[in-house]
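# Residue-level structural notes
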Amino acid sequence: MSGKLYVGLDVGGTAIKAGVCSEDGNLLHTFEGPTENEKGSDRVLANMAKYARTVVDEMSASWDDVAGVGVGVAGFLDIQNGVLLTSPNLVLRNAPLKSFLSEELGKPVLINNDANVAALGEAWGGAGRGVSDCVMYTLGTGVGGGIIIGGRIVVGFNAMAGELGHIAIVPDLEAIQCGCGKKGCLETVSSATGIIRMAKDAVERGELTQLADRDITAKDVFDLAKAGNETAARIVQRAAHYLGKSMALVSVVVNPQRFIIGGGVAKAGEYLFGLIREAYLKHALEAASKGVEIVPAELGNNAGVVGAAGLNLRS
């Protein structure tokens, strides 16, 4: 096989996804296996190494062609030393991922958090391909983020750069407490959790009666908004307003050429994207927003493995 290969691992609480990418960011093959978190840290580490080799073996490639391995994982990391300090989804604590995997696999290994590697994946092989400066928002249970400048991840002093969901954007009189302990975070209004919370509040006020006595989802709210329900539309507009306003703030800090939006909430499509663009242009400095694009992510659940694979080229 011509050209070097790069292996990425996206490590979750229930499954580990492995992928192989070419030098230009094309995803060639994937493999997924159980994390086996319940069997302890040694088993989780062993599975990471095992699946990295399996994904290469399955595509009948030579391990000699692999130039590096990258790992994306949720949690607090010592990125420089390659140590996972703690993770909300894993039994691993102070786990030396870099040294363990380097020794097991005989290849250079780099690690980063899951949001950063997803952003790198989109920048390298997805919706940000060909753009050197981009910012990704992931709208799901929370709001994740990643910043790519000059084609490389911005990590920051304490590895906290790109925590876009915790931009304090909601005014004090409207703000509620976020899971991080602070008030007014973007995550409280623009995540699926935030949208569902606002919908439940509306039901309690006697509005959105269509959603009473049911397990509300963000999709329910979007469907009603698209159908013309005024209350649902206000909830969606509020979520989009603060998302676009946060992008305006980001624009005068890092001035990206493209904003990429992924995650489950982004599946609302152009209805949501139109509102976000409108809010962004309303609040953004003209010189910083000129020519800036706001586009949907392309890689879906593969963004993590692609970005992890790219760490050895783009870190």
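Residues numbered from 1 in each chain as written. Predicted model: local features only at pLDDT ≥ 70, side-chain atom pairs only at ≥ 80, totals over all residues. Heavy atoms only, no water.

### Examining the overall build of the chain
Scanning the chain from N- to C-terminus turns up 10 helices and 12 strands. Computed over C-alpha atoms, the radius of gyration of the chain comes to 20 Å, within 12% of the 20 Å expected from 2.2 N^0.38 for 315 residues, which places it in the range of a compact globule. With the C-alpha coordinates of the chain rotated into their principal frame, the extents come out at 60 × 45 × 35 Å. Within the chain, contacts between residues separated by at least 24 positions form 60% of all contacts whose residues are at least 6 apart in sequence. For the chain, the exposed area adds up to about 14100 Å²; of that, 49% sits on carbon and sulfur atoms. Once the 28 positive and 34 negative side-chain charges of the chain are each reduced to a mean point, those two points are 2 Å apart. (Helix = DSSP H or I, 4+ residues; strand = E, 2+ residues; numbered from the N terminus. Rg over C-alpha atoms; globule rule 2.2 N^0.38 Å. Contact = heavy atoms within 4.5 Å. Areas by Shrake-Rupley, 256 points an atom, 1.4 Å probe, with all protein chains shown as cover. Lys, Arg positive; Asp, Glu negative; His and termini not counted. Charge placed at Lys NZ, Arg CZ, Asp CG, Glu CD.)

### Digging into helix α6 (residues 218-226)
The set of residues buried in α6 consists of A218, D220, V221, F222, L224 and A225. Looking at the buried residues of α6, the elements they touch are α5 (192-204), α7 (230-251) and α8 (270-283). Of the residues flanking the end of α6, it is G228, one or two places downstream, whose phi is positive at about 105 degrees. (Buried < 20%, exposed > 50% of the residue type's maximum accessible area, 1.4 Å probe, protein only.)

### Some thoughts on the side chain of T35
Inspection of the secondary structure puts T35 in the loop between β3 (27-34) and α1 (41-58). Residues contacting T35, with those up to four places away along its chain left out, are G12, G13, T14, A15, I16, V44, N47 and L90.

### Considering the packing of α7 against α8
It is at 7 Å that the axes of α7 and α8 come closest, and there the two elements cross at 45 degrees. As summarised for this structure, α7 and α8 are arranged oblique, according to the angle between their axes. As for how α7 packs across α8, the hand of that crossing is right-handed. Between α7 and α8, the residues in contact are A233, V236, Q237, A240, H241, L243, G244, K245, M247, A248 and S251 and Y271, L272, L275, I276, A279, Y280 and H283, respectively. (Axes fitted to C-alpha atoms, helices over the stretch in contact; angles between N-to-C directions. Parallel < 35°, antiparallel > 145°, perpendicular 65-115°, else oblique. Left-handed = near helix turned anticlockwise from the far one by under 90°.)

### Concerning the sheet that holds strand β1 (residues 5-11)
Ordered in space as β3-β2-β1-β4-β7, the five strands form an open sheet in which the pairing is mixed. Looking at which strands have only one partner, the edges of the open sheet turn out to be β3 and β7 (109-113). Across the sheet, the mean angle from the axis of one strand to that of its neighbour is 20 degrees, orientation sign disregarded. In this sheet, β7 lies alongside strand β4 (residues 66-73) in parallel orientation, the contact comprising five bridges. (Pairing = 2+ DSSP bridges.)

Coordinates in, geometry out; function isn't part of it.
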